[in-house]
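Architecture and fold: a report
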Amino acid sequence: DQQVKQNSPSLSVQEGRISILNCDYTNSMFDYFLWYKKYPAEGPTFLISISSIKDKNEDGRFTVFLNKSAKHLSLHIVPSQPGDSAVYFCAAPRWGSARQLTFGSGTQLTVLP
Amino acid sequence: DTEVTQTPKHLVMGMTNKKSLKCEQHMGHRAMYWYKQKAKKPPELMFVYSYEKLSINESVPSRFSPECPNSSLLNLHLHALQPEDSALYLCASSQLPGTGIPGELFFGEGSRLTVL
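A brief look at the structure comes next. These figures come from a predicted structure and were not determined experimentally. (Residues numbered from 1 in each chain as written. Chains lettered and ligands numbered in written order. Predicted model: local features only at pLDDT ≥ 70, side-chain atom pairs only at ≥ 80, totals over all residues. Heavy atoms only, no water.)

**As for the sheet that holds strand β8 (residues 72-77) of chain A**
Residues and elements named next belong to chain A. Spatially, the 5 strands line up as an open sheet ordered β1-β3-β8-β7-β6, and their pairing is antiparallel. For this open sheet the edge positions go to β1 (4-5) and β6 (56-59), each flanked by a neighbour on one side alone. Pairing of β6 with strand β7 (residues 62-67), which is carried by 4 bridges, proceeds in the antiparallel orientation. Bridge pairing links Lys-56 to Phe-65 in β7. (Pairing = 2+ DSSP bridges. Helix = DSSP H or I, 4+ residues; strand = E, 2+ residues; numbered from the N terminus.)

Right under this line is the structure:
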């Protein structure tokens, strides 16, 4: 049962344009969502998070939107830079244990110069 | 210091070998984790330690044996592994629930394990 889904395994975007990465979830008990970024041969690094009581959280070039009724969240990167090329995972802490993350399958973002 | 350090970065072992992966953090985190990641897959939780005690074992085979000697160190002892155990093994640490951002883990760079 994959409770956090990323249906796009890959995304290519031109430098300077917007990157939109999507994530769907099935468990309405999730009350927090996170995005992690992973470069090859490195561990994932936390990027941005959003509480379920909000519908938007912004941090510099990164904005996460949450649509609870659709059980959908998205990560917007504007403007995209070649250094943003990485695998992006959305994740949610399992209910009852704030630190056990359920990860989506990841989206490989490639930003073309 | 916001680093989680893992050693070795690469390890090749035979199915009869005994080896260990090591992880260290100095952020004062009292929760530490082992994750396993196969190629093109998300990280999968293996073990969770809270206050140096094993709190979660995600039905991991006994050929993987975790150990938390103190609040800064986490080991994963490997014995009689199978080729399908080849993967990237990630260590992470975090603050305990109730503090910090829920779900924010600090990952090490991982140990790439190959079992021949």
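Now, onward.
**Things to note about a nonpolar patch on the surface**
On the surface, Ile-18, Ile-20 and Val-78 of chain A cluster together into a nonpolar patch covering about 220 Å² of accessible area. In this structure, Val-78 of chain A sits in the loop between β8 and β9 (86-93). (Patch = residues over 30% accessible without salt bridge, like charges linked within 9 Å, V, L, I, M, F, W, Y side chains within 5 Å. Areas by Shrake-Rupley, 256 points an atom, 1.4 Å probe, with all protein chains shown as cover. Salt bridge = Lys/Arg side-chain N within 4 Å of Asp/Glu carboxyl O.)

**A short note on unusual backbone geometry**
For the peptide bond that leads from Val-78 of chain A to Pro-79 of chain A, omega is -10°, which places it in the cis range. Looking along the chain, the bond that leaves Thr-7 of chain B and enters Pro-8 of chain B is cis, with omega of -10°. Looking at where Pro-8 of chain B falls in the secondary structure, it is placed in the loop between β1 (4-7) and β2 (10-13). The phi dihedral of Lys-71 of chain A is positive, around 50°, even though this residue is not glycine. Its place among the elements puts Lys-71 of chain A in the loop between β7 and β8. For Ser-59 of chain B, which is not a glycine, the phi torsion comes out positive at approximately 55°. By the secondary structure assignment, Ser-59 of chain B is in the loop between β6 (53-57) and β7 (64-70).

**As for the sheet that holds β1 of chain B**
Residues and elements named next belong to chain B. Overall, antiparallel pairing links the 4 strands, which are arranged β1-β3-β8-β7 in an open sheet. Where the open sheet ends on each side, the last strands, each with one partner, are β1 and β7. Strand-to-strand, the axes of this sheet are offset by a mean angle of 20°, without reference to chain direction. Pairing geometry for β1 and strand β3 (residues 18-25), over 4 bridges, is antiparallel. Paired with Gln-6 across the strands is Cys-23, a residue of β3. (Axes fitted to C-alpha atoms, helices over the stretch in contact; angles between N-to-C directions.)

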